[in-house]
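# An overview of the molecular structure
Chain by chain, the residues:
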Number of protein chains: 2
Amino acid sequence: MDVKGGATGRRGPRGSYAVGDERRTRILDAAVEHFAQWGFHATSLTRIAKEVGITQGGLLHHFRTKEALLVSVLEASDENDAVRFFTEECESVAEWFHRLLDLTAHNAQRPGRTRMFNALVGESGDPDHPAHAFFARRYRTLVEEAGGSLRRGVESGELRGDTDCTAEARQLLAVMDGLQLQWVLAPASVDMVEQLHHYVDRLYRALSTAGRALPPR
Amino acid sequence: MDVKGGATGRRGPRGSYAVGDERRTRILDAAVEHFAQWGFHATSLTRIAKEVGITQGGLLHHFRTKEALLVSVLEASDENDAVRFFTEECESVAEWFHRLLDLTAHNAQRPGRTRMFNALVGESGDPDHPAHAFFARRYRTLVEEAGGSLRRGVESGELRGDTDCTAEARQLLAVMDGLQLQWVLAPASVDMVEQLHHYVDRLYRALSTAGRALPPR
């Protein structure tokens, strides 16, 4: 199956591919703000369409349902982060920690997206929520990937042999998510990057065979 | 001002105080589930009233608005936890860590309340959300209180003098919140208590003057 086959379906009745893609991007951007403020259930496709300046029919041409729009917003967001921060392989756990700090600094620059993430991950705990499967899978994947990064550090001798890679991965994700909750509520008094730096500094001291704080880049 | 003066207003037209209190509790319990599933905006007072078996007028007699119900649910929940786990003063940081583990074990027994917490803290990042002020204040207070518990440990000589009590408090709250997000999505594969135990074990080893893992009770 040609995974790019869907592109034809994204061509608007009067528009070129470029216009369609640009409109699609504007819908996704508007949706971030609406999901952040209203959550999934109270978000209105009509209001998103109005904000983008298209009809609801025009919006449904790009995203057939609110559920589809939700999952597209979340997938696009994760994909952008993956491309931006994790395309190049990390040659050490220290470098991977620095990338997590970069990602956190980036999140602090986009409160809308960060607010949306907090709102949606929170409400998706309901098993009937349309993003429940997405987030359950997301954490399984992230724990695996993060655990893998740590495991490679064990194999290279950078980290101690008794490192519990899965537990460390879970806790690292947890502290990042939890700091985001606090930051969104009080951005002026919570420095997410500083807090995470403090955390990974101690973590690196505890786990690295060198037994010292995270080395600078 | 007599803070108990409001009790008269809680007496139903046909009911005794006891009946009114019992009904109030049933409304709060039902509201936990509704807020957990629907979030604030999409929660319906009519549906909550129906579930409790009263009219919407009967519900409004106890909680004048959806906002009032929301804040009452959150306050009641925090108050119950405070009474249950933190009434007796902790004589050591180690004991305080054990109480946090008790609280986490308790949270794992009440998925509805934990789901509600995740959903509401997430969506309250919106400055216009009716629980925004509640959660912003909640974290200020919790960071102060948790920081205070650690500071007393520094003063007693249990913890090292260079402990950054505020940063540790923030990170401890963050890891607890973040683990709750992961647990709600996959309760069978995330053991919150085990994960937090792992975290406070290392924390205690790093911060205690004894330099060892959390001692058992």
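Presented here is an overview of the structure given in this document.

The rules we used
Residues numbered from 1 in each chain as written. Chains lettered and ligands numbered in written order. Predicted model: local features only at pLDDT ≥ 70, side-chain atom pairs only at ≥ 80, totals over all residues. Heavy atoms only, no water. Contact = heavy atoms within 4.5 Å. Buried area = accessible area lost by both parts, 1.4 Å probe. Salt bridge = Lys/Arg side-chain N within 4 Å of Asp/Glu carboxyl O. Polar contact = N/O pair within 3.5 Å; in protein donor to acceptor, adjacent residues only side chain to side chain. Helix = DSSP H or I, 4+ residues; strand = E, 2+ residues; numbered from the N terminus. Least-squares fit on C-alpha atoms with pLDDT ≥ 70 in both. Core = buried A, V, L, I, M, F, W, Y, C linked by side-chain atoms within 4.5 Å. Buried < 20%, exposed > 50% of the residue type's maximum accessible area, 1.4 Å probe, protein only. Expected span 1.5 Å × (residues − 1). Axes fitted to C-alpha atoms, helices over the stretch in contact; angles between N-to-C directions. Parallel < 35°, antiparallel > 145°, perpendicular 65-115°, else oblique. Left-handed = near helix turned anticlockwise from the far one by under 90°. Nonpolar A, V, L, I, M, F, W, Y, C, P; charged D, E, K, R; others polar.

### Here we look at the interface of chain A and chain B
Taken together, the contacts link 45 residues of chain A with 45 residues of chain B. Interface area, chain A with chain B, both sides summed: about 3,800 Å², of which 61% is carbon and sulfur. Contact with chain B buries surface across chain A, with Arg170, Leu185 and Arg202 of chain A losing the most and accounting together for 18% of the total. With its nearest N and O atoms 2.7 Å apart, the salt bridge here joins Glu168 of chain B to Arg202 of chain A. Put simply, chain A and chain B have 10 residue pairs in polar contact (both at pLDDT 80 or more) between them. Mapped by element, the contributors of at least two residues to the side of chain A that touches chain B are helix H1 (17-42), helix H6 (111-123), helix H7 (132-156), helix H8 (165-185) and helix H9 (192-207) of chain A. In terms of residue count, the dominant contributor to the side of chain A that touches chain B is H8 of chain A (14 residues).

### Details of the relation of the copies chain A and chain B
Structural alignment of chain A on chain B gives an RMSD of 0.0 Å, achieved by rotating through 180 degrees and translating 0.0 Å along the axis. In symmetry terms, the pair is related by a two-fold rotation axis. Most of the interface of chain A is mirrored in chain B, where 100% of its interface residues again form contacts.

### Considerations on the nonpolar core
The biggest cluster of nonpolar side chains holds 120 residues, and the ones touching the most others in it are Phe97 of chain A together with Phe97 of chain B. Look past the residues within four positions of Phe97 of chain A in its chain and what remains in contact with it is Leu150, Leu172, Val200, Leu203, Tyr204 and Leu214 of chain A.

### Here's the deal with the pattern of salt bridges
If you walk through the whole model with that rule in mind, you get 20 salt bridges over all chains. Put simply, Arg138 of chain A and Asp78 of chain A hold a salt bridge, and the shortest N to O gap is 2.8 Å. Of this pair, Arg138 of chain A sits in helix H7 while Asp78 of chain A sits in helix H4 (residues 66-86), placing them 60 residues apart in sequence. Looking at Arg138 of chain A, the relative accessible area reads 15%, which means it is buried. Since its relative accessible area comes to 23%, Asp78 of chain A is described here as partly exposed. Note that Arg110 of chain B is salt-bridged to Asp81 of chain B, the shortest N-O span being 2.9 Å. Separated by 29 residues along the polypeptide, Arg110 of chain B in the loop between helix H5 (93-107) and helix H6 (111-123) and Asp81 of chain B in helix H4 (residues 66-86) bring together distant segments of the chain. Arg110 of chain B sits in the buried class, given a relative accessible area of 18%.

### As for H7 of chain A
With 25 residues, H7 of chain A extends 36 Å from end C-alpha to end C-alpha; this agrees with the ideal 36 Å at 1.5 Å per step. After H7 of chain A finishes, the residue Gly157 of chain A shows a positive phi value of roughly 90 degrees.

### Digging into the packing of H4 of chain B against helix H7 (residues 132-156) of chain B
Geometry of a packed helix pair, given as the angle between the helix axes and the separation of the axes. All names here are of chain B. Direction vectors running N to C along H4 and H7 enclose 20 degrees, while the axes themselves pass 10 Å from each other. Considering the angle they form, H4 stands roughly parallel to H7. The two elements H4 and H7 meet at a crossing, and its hand is right-handed. When H4 is examined against H7, the residues Leu74, Glu75 and Asp78 are found in contact with a partner set consisting of Phe134, Phe135, Arg137 and Arg138. Of the residues belonging to the contact of H4 with H7, the class tally is three nonpolar, no polar and four charged.

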